[in-house]
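Here's the letter readout for the chains.
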Amino acid sequence: DAKTTQPTSMDCAEGRAANLPCNHSTISGNEYVYWYRQIHSQGPQYIIHGLKNNETNEMASLIITEDRKSSTLILPHATLRDTAVYYCIVRVFGNEKLTFGTGTRLTIIP
Amino acid sequence: DVKVTQSSRYLVKRTGEKVFLECVQDMDHENMFWYRQDPGLGLRLIYFSYDVKMKEKGDIPEGYSVSREKKERFSLILESASTNQTSMYLCASSLSFRDTEAFFGQGTRLTVV
């Protein structure tokens, strides 16, 4: 699976949109981009995934660049409960293995 | 809702002990995983299983073994616990080969003294 690069930490004001970037320049055509988050003292939680089109669900939006070398997770109206470590993962479709990196620690500031 | 349950939230064991960490999922998922999480290193995959009695090594299998005798249960075994195995251990499950999400348990914080 391709490697991902994320900033170590970010801050965002409560109520604003939080934009979390992820670089995956070596991504191949059959690899999906997944996002998970881990709130303190809990196991990771799935957020969203996509291949090449932008995706949106009740939690977040995922914007993948046309060349698929990077993506951005958007939390449209961040709340204090969104404070967590966010993991960007690239994974081959059908590959059971899910490999995490160190993620981005997002802090929402009141 | 899918539930992944780990048998203990906190565990303290002595060096050299054989340690069993148990994980049970209630959604008939094919795949189960064991990770460990350490500060600065993120989550690292130890072993995973895609079917009963089937297992595959992850990125850091040394010092660990696993057992999956029933579909719902996946056990992580530390044959002879060492202090460098002090960590947070997380179990997860996912449905199948389709690109579905993985569900995680709450974790077991193991301390080896």
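Residues numbered from 1 in each chain as written. Chains lettered and ligands numbered in written order. Predicted model: local features only at pLDDT ≥ 70, side-chain atom pairs only at ≥ 80, totals over all residues. Heavy atoms only, no water.

**Q** Help me out: how do you make sense of unusual backbone geometry in this one?
**A** Residues and elements named next belong to chain B. Positive phi outside glycine occurs at Asp28, with the angle close to 60°. With respect to the secondary-structure elements, Asp28 resides in the loop between strand E3 (19-25) and strand E4 (31-38). Here Asp28 falls in the exposed class, since its relative accessible area comes to 52%. A positive phi is found at Lys53, a non-glycine position, where the angle reads about 65°. Counting through the fold element by element, Lys53 comes out in the loop between strand E5 (42-51) and strand E6 (54-57). (Helix = DSSP H or I, 4+ residues; strand = E, 2+ residues; numbered from the N terminus. Buried < 20%, exposed > 50% of the residue type's maximum accessible area, 1.4 Å probe, protein only.)

**Q** When you look at the sheet that holds strand E5 (residues 55-56) of chain A in this model, what are you seeing that I'm missing?
**A** The pairing of strands in a sheet happens through backbone hydrogen bonds and is either parallel or antiparallel. Residue and element names in this part refer to chain A. Read from one edge to the other, the open sheet built from 4 strands follows the order E2-E7-E6-E5, with strand pairing classed as antiparallel. The strands lining the two open edges of the sheet, one partner per strand, are strand E2 (18-23) and E5. Bridge count for strand E6 (residues 61-64) against strand E7 (residues 70-75) is 4 bridges, and the pairing is antiparallel. Bridging across to E7, Ser61 finds its partner in Ile74. (Pairing = 2+ DSSP bridges.)

**Q** What am I meant to see in the interface of chain B and chain A here?
**A** Where the parts come together, the accessible area they lose is often given as the size of the interface. On the chain A side, the residues contacting the 24 residues of chain B number 21 residues. Taking both partners together, chain B and chain A bury about 1,800 Å²; carbon and sulfur atoms supply 53% of that area. In this assembly, chain B and chain A are joined by 0 salt bridges. Counting the contacts that link chain B with chain A gives 4 residue pairs in polar contact (both at pLDDT 80 or more). Going through the elements one at a time, E4, E5 and strand E10 (102-104) of chain B are the ones with two or more residues in the side of chain B that touches chain A. Broken down by element, the side of chain B that touches chain A gets its largest block of residues, 5 residues, from E5(B). For the side of chain B that touches chain A, the residue count by class is 11 nonpolar, 8 polar and 5 charged. (Contact = heavy atoms within 4.5 Å. Buried area = accessible area lost by both parts, 1.4 Å probe. Salt bridge = Lys/Arg side-chain N within 4 Å of Asp/Glu carboxyl O. Polar contact = N/O pair within 3.5 Å; in protein donor to acceptor, adjacent residues only side chain to side chain. Nonpolar A, V, L, I, M, F, W, Y, C, P; charged D, E, K, R; others polar.)

**Q** How should I be thinking about the packing of aromatic side chains in this particular structure?
**A** The geometry of two aromatic rings is summed up by the distance between their centres and the angle between their planes. Residues and elements named next belong to chain B. Taken as a whole and assessed by the stated rule, the structure comprises 11 aromatic pairs over all chains. With 5.9 Å between their ring centres and 25° between their planes, Phe33 and Phe48 make a pair best called stacked. One end of the pair, Phe33, is in strand E4; the other, Phe48, is in strand E5, and 15 residues separate them in sequence. Each member of the pair Phe33 and Phe48 is classed as buried. For the ring pair Tyr35 and Phe104, a centre distance of 5.7 Å and an interplane angle of 40° mean the geometry is tilted. Taken together, the positions of Tyr35 in strand E4 and Phe104 in strand E10 put the pair 69 residues apart, joining distant regions of the chain. Accessibility classification places Tyr35 together with Phe104 in one group, the buried group. (Phe/Tyr/Trp six-rings, centres within 6.5 Å; stacked < 30°, edge-to-face > 60°.)

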